[in-house]
Every structure is written in structure tokens, then in C-alpha cells.
Amino acid sequence: MTEQEALRGIPGILRPFKEYIKSLNLSEGDLIVYYGCVGTCTPFAELLAVAIRGLHLRQAFVPLLDEAKAHAIHDVPDVGMQAAGEPVSVTSPRVLVIMGGLAMPLMPVTKEQVRDLAARHSGAKVVGVCFQDMFARAGWTGVVPFDLAINAMIDPVTVKRQEK
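Described below are features of the structure shown in this document. For every chain, the first residue of the written sequence is number 1, and numbering continues from 1 onward in sequence order. It should be noted that, the model being predicted, local features are given only for residues of pLDDT at least 70 and side-chain atom pairs only at 80 or more, the latter also being counted only at that level, while totals for whole chains, interfaces and linings use all residues. Excluded from the side-chain calculations are hydrogens and water; all other atoms, namely the structure's heavy atoms, are used.

### A short note on the pairing of strand E3 (residues 71-76)
The two faces of the sheet receive side chains in turn, since in a regular strand these alternate between them.
Next up, step 1: When DSSP finds two or more bridges between two strands, those strands count as paired. Strands are runs of DSSP state E lasting at least two residues, helices are runs of H or I lasting at least four, and both sets are numbered from the N terminus onward. Two strands pair when backbone bridges link them, and strand E2 (residues 58-63) and E3 are joined in this way by three bridges, in the antiparallel orientation. Bridge pairing links Gln-59 to Ile-73 in E3.
Next up, step 2: Counted between consecutive antiparallel strands, the loop separating E3 from strand E4 (residues 80-82) contains three residues, among which Asp-78 sits at a positive phi close to 65 degrees.

### Some remarks on the side chain of Gln-59
Next up, step 1: For Gln-59, the location among the structural elements is in strand E2.
Next up, step 2: At a separation of 2.6 Å, a polar atom in the side chain of Gln-59 contacts the side chain of Tyr-34.
Next up, step 3: In protein, a polar contact means a hydrogen-donor-capable atom and an acceptor-capable atom, both N or O and within 3.5 Å, with residues adjacent in sequence counting only if both atoms are side-chain atoms; elsewhere, any N or O pair within 3.5 Å suffices. For Gln-59, the side chain forms a polar contact with the main-chain oxygen of Ala-49, separated by 3.5 Å.
Next up, step 4: Those residues in contact with Gln-59, other than ones at most four positions away along the chain, are Leu-31, Ile-32, Tyr-34, Ala-49, Ile-52, Arg-53, His-71, Ala-72, Ile-73 and Met-81. By definition, residues are in contact when any of their heavy atoms lie within 4.5 Å.

### Focus: the pairing of E2
Next up, step 1: Among the six residues of E2, five are classified as buried, and the element is accordingly described as predominantly covered.
Next up, step 2: As paired elements, strand E1 (residues 31-36) and E2 share six bridges and run parallel to each other. Opposite Gly-36, over in E2, you have Pro-63 as the bridge partner.
Next up, step 3: This β-α-β element, E1 to helix H2 (residues 42-51) to E2, shows right-handed connectivity. Each residue gets one of three labels from its accessible area relative to the maximum for its type: buried under 20%, exposed over 50%, partly exposed in between, using a 1.4 Å probe on protein chains only. Every crossover in which the path from the first strand over the helix to the second runs clockwise, viewed with the strands pointing away from the viewer, is termed right-handed.

### Side note on the pattern of salt bridges
Next up, step 1: We count a salt bridge whenever a side-chain nitrogen from Lys or Arg sits within 4 Å of a carboxyl oxygen from Asp or Glu. All chains considered together, the criterion is met by three salt bridges.
Next up, step 2: When the shortest N-O distance is used, the salt bridge between Asp-66 and Lys-69 registers 3.8 Å.

### Some thoughts on helix H3 (residues 111-120)
Next up, step 1: Turning to H3, its buried residues are Val-114, Leu-117 and Ala-118. Down the axis of H3, the smallest arc covering the buried residues is 95 degrees, so these residues share one side. When the buried face of H3 is taken as reference, the exposed residues oriented beyond 90 degrees from it are Ala-119 and Arg-120.
Next up, step 2: Taken together, the buried residues of H3 touch E1, strand E5 (95-99) and strand E6 (125-131). Arc, as used here, means the arc of the directions from the helix axis to the C-beta atoms.

### Observations concerning the packing of helix H1 (residues 9-23) against H2
Next up, step 1: Note on definitions: angles span 0 to 180 degrees between N-to-C directions of axes, and those axes are lines fitted to C-alpha atoms, for helices only across the stretch in contact. It is at 9 Å that the axes of H1 and H2 come closest, and there the two elements cross at 55 degrees. Our classification of the angle between H1 and H2 gives oblique. Between H1 and H2 lies a crossing whose hand is right-handed. Together, Ile-10, Ile-13, Leu-14, Phe-17 and Lys-18 of H1 and Leu-47, Leu-48 and Ala-51 of H2 make up the contact between the two elements. Under this scheme an angle from 65 to 115 degrees is roughly perpendicular, one under 35 degrees roughly parallel, and one over 145 degrees roughly antiparallel; angles in between are oblique. Here a crossing is taken to be left-handed if its near helix is turned anticlockwise relative to the far helix by less than a right angle, and right-handed if that turn runs clockwise.

### A few points about the packing of aromatic side chains
Next up, step 1: Paired rings are identified among Phe, Tyr and Trp, the last through its six-membered ring, by centres lying within 6.5 Å, and are further divided according to the angle between planes into stacked (under 30 degrees), edge-to-face (over 60) and tilted (the rest). Under the defined criterion, the tally for this structure stands at four aromatic pairs.
Next up, step 2: Ring geometry for Phe-17 against Tyr-34: centres 6.3 Å apart, planes inclined by 45 degrees, an arrangement best described as tilted. One end of the pair, Phe-17, is in helix H1; the other, Tyr-34, is in strand E1, with 17 residues separating them in the sequence.
Next up, step 3: Residues Phe-135 and Phe-146 carry aromatic rings whose centres are separated by 4.7 Å and whose planes lie at 40 degrees to one another, so their mutual orientation is tilted. Separated by 11 residues along the polypeptide, Phe-135 in helix H4 (residues 134-137) and Phe-146 in the loop between H4 and strand E7 (148-152) bring together distant segments of the chain.
Next up, step 4: By relative accessible area, Phe-146 is classed as buried at 10%.

Okay, structure coming up:
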């Protein structure tokens, strides 16, 4: 990465993502594909999808790297963006969004598999979104060709309990 800035909170994740996607001047209907772990990455992919919903792009979620199981992310009235749409063919995606959960220990995905995924979709931009330096800690930053990497820190976490 050549440029680095420090932002805060949820807007610090969503704004740079939206700005980057807008800067690509994608056409209506172009495909953005999020790759992540079912359950843990899904809500974050849906949150990122909210940030760019007005750009009229197609969006899909792929569990792990299994593109045969891709589903559309679509806006559900009174709920928000949901990765529960119809199956989608991952053909000519313009952006691959790699979620940091894939780099977690014990996940059945390697940095080399993600690098090869990016190579198979040559021409697609690669965006990484992780928490707690997961891509760096897993050694992915020198292998996966991220065009944009967003790393958010959730620290400290404060928990307050009412005594009974």
C-alpha cells in the first residue's frame, strides 16, 4: 500500500470503501463480489453493500471461495441489504472484496488460494476488509494483491453490567 490514513468507527470503514468504488467509475449492473465466512463475514459484507447501494451495481456474497454458492445481495424493504437473494453466476466481477474472516486461523482458505482467485479474475480490483490486522497477522498482505485494504481495530471493547 502506498498511502495510509487513520479513520474512526463504522464511517471509517464505509466511507473509504464507497469512495474507492465510486472512483472506479463502474457501470450500472457491474458486479461486486464479497468472499467471506458464512455468519461472521456476512453481516459485514451486507454493511459494505449498504454503503454502495445507491450506485446501482450488482452485489453478491460467496461463502469462503465457493463461487458455485454465490447469492445476490439485495435490498429488502424494512430490513436492509441481505445476502439471501437468488443464486448468481460470478462472471466478470469488477471488484473482489475479500473479508478478513477468511484469514482467521482454522479457516479452510489460504492466501495462495485468494491470490489465485484474483488472478482468475484478472482485471478485477481486489479490496480487503479486516479487523485487528488479520491480513497482516496471517501473512496475506505480501501475497494477495490488495488494491485497497481497510483494517479496523475494535479495541477497547467496554462491557458494563448491572449488578443484581
